[in-house]
Amino acid sequence: MDTNEHVIEVTDLRRVYGGGFEAVRGISFHVDRGEIFALLGTNGAGKTSTVELLEGLARPDGGRIRVLGHDPYSERAAVRPRTGVMLQEGGFPSELTVAETARMWAGCVGGARPIKEALALVGLAGRADVRVKQLSGGERRRLDLALAVLGEPEVLFLDEPTTGLDAEGRRDTWDLVRALRDAGTTVLLTTHYLEEAENLADRLAILHEGRIAAAGTPAEVTGAQPSRITFELPDGYFVGDLPPLGELGVCGHEVDGRVIRLRTRELQRAATGLLVWAERAQVALRRLDVRSASLEEAFLGIAREASKRDETEEVAA
Ligand SMILES: Nc1ncnc2c1ncn2[C@@H]1O[C@H](COP(=O)(O)OP(=O)(O)OP(=O)(O)O)[C@@H](O)[C@H]1O
């Protein structure tokens, strides 16, 4: 396969559950070799339904998937040995030790890396002889990850890989995922943590009710959202005393008592205009906070807009 070819290619994918509920409503995206791609979404957005199709666990009800150039459902035998999967609940027999579990799993995957190496990668080298049932939730999650990378997969599917991990465990997992990516592994992950997608993903898609509401690099997705400037005006000053907001490049504002919140797509212009005015008028802006949109704001904004659109469509129908 050409190294520039898309390792994962999804075109107009649909999944309909019994009873006719459409959980995935025609989504398209691709993931290139050596890229970390994150699928984000609200609860029930369709992330797991999508990942299961990519893993070949079910047949799509419409559209097309290619993983490493193959249909993961009808050509499962060609795809499965080259992919690693970390499910939300590993569900391994808990009486076995960590090393026994890894050995059992290694028997199922071809070309396995040494068990010691896989356990060391996730920081479980010292826990090899501990029974799985005695592991903490976070350690179990790391064992799931060790098993997913045991076969040295070309493509790794991670369904909420850091749920249940503390901050340090989460950062260790991010480092590991980055190291795997740098070694050429293609990673598709789902996550509830926006910080995780912002830190880890080369590109991402935000799913909302089975559709892609936004996609791109984290910078592209956040860049499409306005930045914010928040401050408190001293007594005796009102929003009408500020320079005309349109001239500052402000696209919206809210007043909450003395607190003013401005939204702008031209952060530098708006912040400079405001500060120059404050300096000239000798006004102290208390609790001044100037910030670019975070992925969290972008996510909430997109979910809000999509819900509003849905309501409008319902009214129009
Ligand atoms: N087997 C099923 N039968 C019917 N509906 C289902 C089934 N599995 C999932 N759904 C529905 O499909 C929608 C998408 O579910 P899915 O689990 O893919 O979402 P998700 O984005 O992974 O959510 P979460 O973040 O909560 O795990 C939800 O409304 C869910 O209730």
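Residues numbered from 1 in each chain as written. Predicted model: local features only at pLDDT ≥ 70, side-chain atom pairs only at ≥ 80, totals over all residues.

The name given to the protein chain in an unreviewed UniProt entry is ABC transporter ATP-binding protein, with Streptomyces asoensis as the source organism.

To continue, consider the overall build of the protein chain. If you tally the helices and strands in the protein chain, you get ten helices and 13 strands. Dimensions of the protein chain, computed from C-alpha atoms along their principal axes, come out at roughly 75 × 50 × 40 Å. Within the protein chain, contacts between residues separated by at least 24 positions form 68% of all contacts whose residues are at least 6 apart in sequence. (Helix = DSSP H or I, 4+ residues; strand = E, 2+ residues; numbered from the N terminus. Contact = placed C-beta atoms within 7 Å.)

Moving on, we come to the nonpolar core. Judged by nonpolar contacts, the single largest core of 62 residues is most densely connected at A38, L40, A102, A146, L188 and L204. Setting aside its immediate chain neighbours within four residues, A102 contacts I115, A118, L119, A146, L147 and L150. In terms of nonpolar packing, the next biggest core, distinct from the first, is built from ten residues, I229, L245, L248 and A270 among them. (Core = buried A, V, L, I, M, F, W, Y, C linked by C-beta atoms within 7 Å. Buried ≥ 20, exposed ≤ 12 C-beta atoms within 10 Å, placed from the backbone.)

What follows is about the site of the ligand. If you check the shell around the ligand, you find Y17, F21, A23, G41, N43, G44, A45, G46, K47, T48 and S49 and nothing else. Tallying contributions element by element places helix α1 (residues 47-54) first for the shell around the ligand, with three residues. Class assignment of the residues belonging to the shell around the ligand gives a composition of four nonpolar, six polar and one charged. (Near = placed C-beta within 6 Å. Nonpolar A, V, L, I, M, F, W, Y, C, P; charged D, E, K, R; others polar.)

With that settled, consider unusual backbone geometry. Positioned with a positive phi, E152 is a non-glycine residue whose angle comes to about 45 degrees. Relative to the helices and strands, E152 resides in the loop between α5 (137-148) and β6 (155-159). Even without being a glycine, E160 presents a positive backbone phi close to 50 degrees. Among the secondary structure elements, E160 is positioned in the loop between β6 and α6 (167-182).

Before going further, it helps to examine the pairing of strand β10 (residues 227-232). Sheet topology note: the β10/strand β12 (residues 259-264) ladder contains six bridges and is antiparallel. Along β12, the bridge assignment pairs T230 with R261. Direction of pairing for β10 relative to strand β13 (residues 286-291): antiparallel, over a ladder of four bridges. Bridge pairing in β13 places R228 opposite R291. (Pairing = 2+ DSSP bridges.)

On to the sheet that holds strand β4 (residues 62-67). The strands making up a sheet associate through backbone hydrogen bonding, with each pair oriented either parallel or antiparallel. Pairing is antiparallel across the open sheet formed by three strands, whose spatial order is β2-β1-β4. Unpaired on one side and paired on the other, β2 (21-32) and β4 mark the two borders of the sheet. This sheet shows a mean twist of 15 degrees between the axes of neighbouring strands, independent of strand direction. (Axes fitted to C-alpha atoms, helices over the stretch in contact; angles between N-to-C directions.)

With respect to the element layout, V132 can be found in the loop between α4 (115-121) and α5. Each C-alpha atom of the pair V132 and Y193 lies 26 Å from the other, and the pair is 61 residues apart in sequence.

With that out of the way, let us pick up the packing of helix α3 (residues 98-106) against α5. Packing of α3 against α5 leaves a shortest axis separation of 10 Å and a crossing angle of 30 degrees. Viewed along their axes, α3 and α5 adopt a mutual orientation that is roughly parallel. You can see that α3 and α5 cross each other, and the crossing is right-handed. Between α3 and α5, the residues in contact are V98, T101, A102 and W105 and L143, A146 and L147, respectively. Taken together, the residues of the contact of α3 with α5 break down into six nonpolar, one polar and no charged. (Parallel < 35°, antiparallel > 145°, perpendicular 65-115°, else oblique. Left-handed = near helix turned anticlockwise from the far one by under 90°.)

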